[in-house]
Amino acid sequence: MSLLTVEDLVVDHRTPGRPAVRAVAGASLAVEAGEVVGLVGESGCGKSTLARAICGLAPTSGGKIAFEGGNVTRLGLRRRDAGLMKIQMVFQDPYASLNPRRRIGAQIADGLETARDRETTPGGMLERVGLPGAMAERYPHEFSGGQRQRIAIARALAARPSLLIGDEPISALDASAQAQVATLMRNLAVESGAGLLFISHDLSVVRLIADRIAVMYLGKIVETGPTAEVWENPRHPYTQALLRAIPEPDGLGTLPAELPGDVPDPADPPQGCRFHPRCPMAMDVCAEKEPAPGPVSCWLHQQP
Ligand code: SF4
């Protein structure tokens with residue numbers, strides 16, 4: 001049994017007076033204990049909404065989320081279930097997720113309290129993320145962005161999560177801090193036996209830390225597989241385009257702001273394969289019928 005299984009999940013964004021936007025349109029994903037899964041895709045593809053739904057922070061319209069064997073799909077969930085405290089999230093902006101008026105030690109202590117951990121101290125947690133324990137007495141504004149993200153990781157891990165989710169946790173950091181923080185998240189999650197779902201548009205970092213990659217396009221997972229396999233032999237044309245568009249000659253780098261072609265409006269997605277208006281390999285069937293979900297959701301790899 002997987003630690004986390006997401007099956008055919010649907011999440012709609014509803015704004016009064018506007019048509020609903022299907023941000024997640026039937027996505028499936030699994031994370032095992034001790035495994036790091038990198039979720040990649042252009043901005044606006046639904047990665048963050050998927051993460052919020054897993055945490056119970058976004059109401060779902062369909063599909064299923066199973067965490068530690070229990071069904072956590074809740075329609076219109078307002079408060080986080082106590083069981084969901086075993087899922088902790090680290091956000092893009094660590095300053096926004098830390099309370100500026102409380103000492104960081106007190107904020108980390110909240111996590112320890114959740115886990116009923118009376119032995120570990122906030123200073124001990126800071127040391128695990130590479131900061132001096134004495135810094136527990138300080139306030140968030142006294143730290144750099146990279147240090148604040150380490151504090152956010154310490155706070156999340158203090159609650160002893162089974163699943164840690166990083167939602168673009170390194171995109172606000174200096175280049176020098178990005179790989180360090182990502183590697184730290186990986187090491188601490190794996191050491192503690194937790195799974196890590198790492199969402200990023202930085203393919204080089206995902207390649208560095210993830211055991212498996214899931215590629216998302218317009219609300220759907222279009223390709224999944226072991227990181228080395230997907231990197232060496234991307235099979236979905238969208239994954240191929242993402243990897244081709246990386247400018248650095250060593251094959252490392254971040255996703256481009258835009259691939260060729262217009263990104264379709266998620267409120268009015270194309271019929272058939274959602275990537276067909278931008279796909280250089282598109283065939284007649286692609287505009288008519290949607291390929292089935294699977295390791296590679298593409299008619300080039302399925303029988304129409
Ligand atoms: Fe391209 Fe067709 Fe495959 Fe979609 S199904 S990615 S349009 S070849």
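The structure under discussion appears in the preceding block.
Overview of the structure.

Here is what the cut-offs are and how they apply
- Residues numbered from 1 in each chain as written.
- Predicted model: local features only at pLDDT ≥ 70, side-chain atom pairs only at ≥ 80, totals over all residues.
- Heavy atoms only, no water.
- Helix = DSSP H or I, 4+ residues; strand = E, 2+ residues; numbered from the N terminus.
- Buried < 20%, exposed > 50% of the residue type's maximum accessible area, 1.4 Å probe, protein only.
- Contact = heavy atoms within 4.5 Å.
- Pairing = 2+ DSSP bridges.
- Axes fitted to C-alpha atoms, helices over the stretch in contact; angles between N-to-C directions.

1. Describing the environment of arginine 103
Here comes step 1: Here arginine 103 is to be found in the loop between helix 2 (94-97) and helix 3 (104-114).
Here comes step 2: Judged by its relative accessible area of 36%, arginine 103 falls in the partly exposed class.
Here comes step 3: For the pair arginine 103 and tyrosine 139, spaced 36 residues apart in the sequence, the C-alpha separation amounts to 4.6 Å.
Here comes step 4: Residues within four places of arginine 103 in sequence aside, it is in contact with Ala136, Glu137, Arg138 and Tyr139.

2. Section: the sheet that holds strand 2 (residues 21-31)
Picture the strands of a sheet paired through backbone hydrogen bonds; they go either parallel or antiparallel.
Here comes step 1: The strand order across the open sheet formed by 4 strands is 2-1-4-5, and the pairing between neighbours is antiparallel. The open sheet has two edge strands, strand 2 and strand 5 (70-71), and neither has a second partner.
Here comes step 2: Across 5 bridges, strand 1 (residues 4-13) lies against strand 4 (residues 62-67) in antiparallel orientation. Across the sheet, valine 6 pairs through a bridge with isoleucine 65, a residue of strand 4.
Here comes step 3: Packed on one face of the sheet, helix 1 (residues 47-54) meets strand 1, strand 2 and strand 4 and runs near 115° to strand 1.

3. Examining the sheet that holds strand 8 (residues 195-199)
Here comes step 1: What the 6 strands build is an open sheet, ordered 6-7-8-3-9-10; its pairing is mixed. Across the chains shown, the open sheet's two edge strands, defined by having one partner strand only, are strand 6 (87-90) and strand 10 (220-226). On average, adjacent strands in this sheet sit at an angle of 20° to one another, irrespective of strand direction.
Here comes step 2: Bridge analysis of strand 3 (residues 36-40) against strand 9 (residues 212-217) gives 4 bridges, and the strand direction is parallel. By the bridge assignment, glycine 38 is partnered in strand 9 with isoleucine 213.
Here comes step 3: Most of the contacts of helix 9 (residues 237-244) go to strand 9, to which it runs at about 100°, and overall it touches strand 9 and strand 10.

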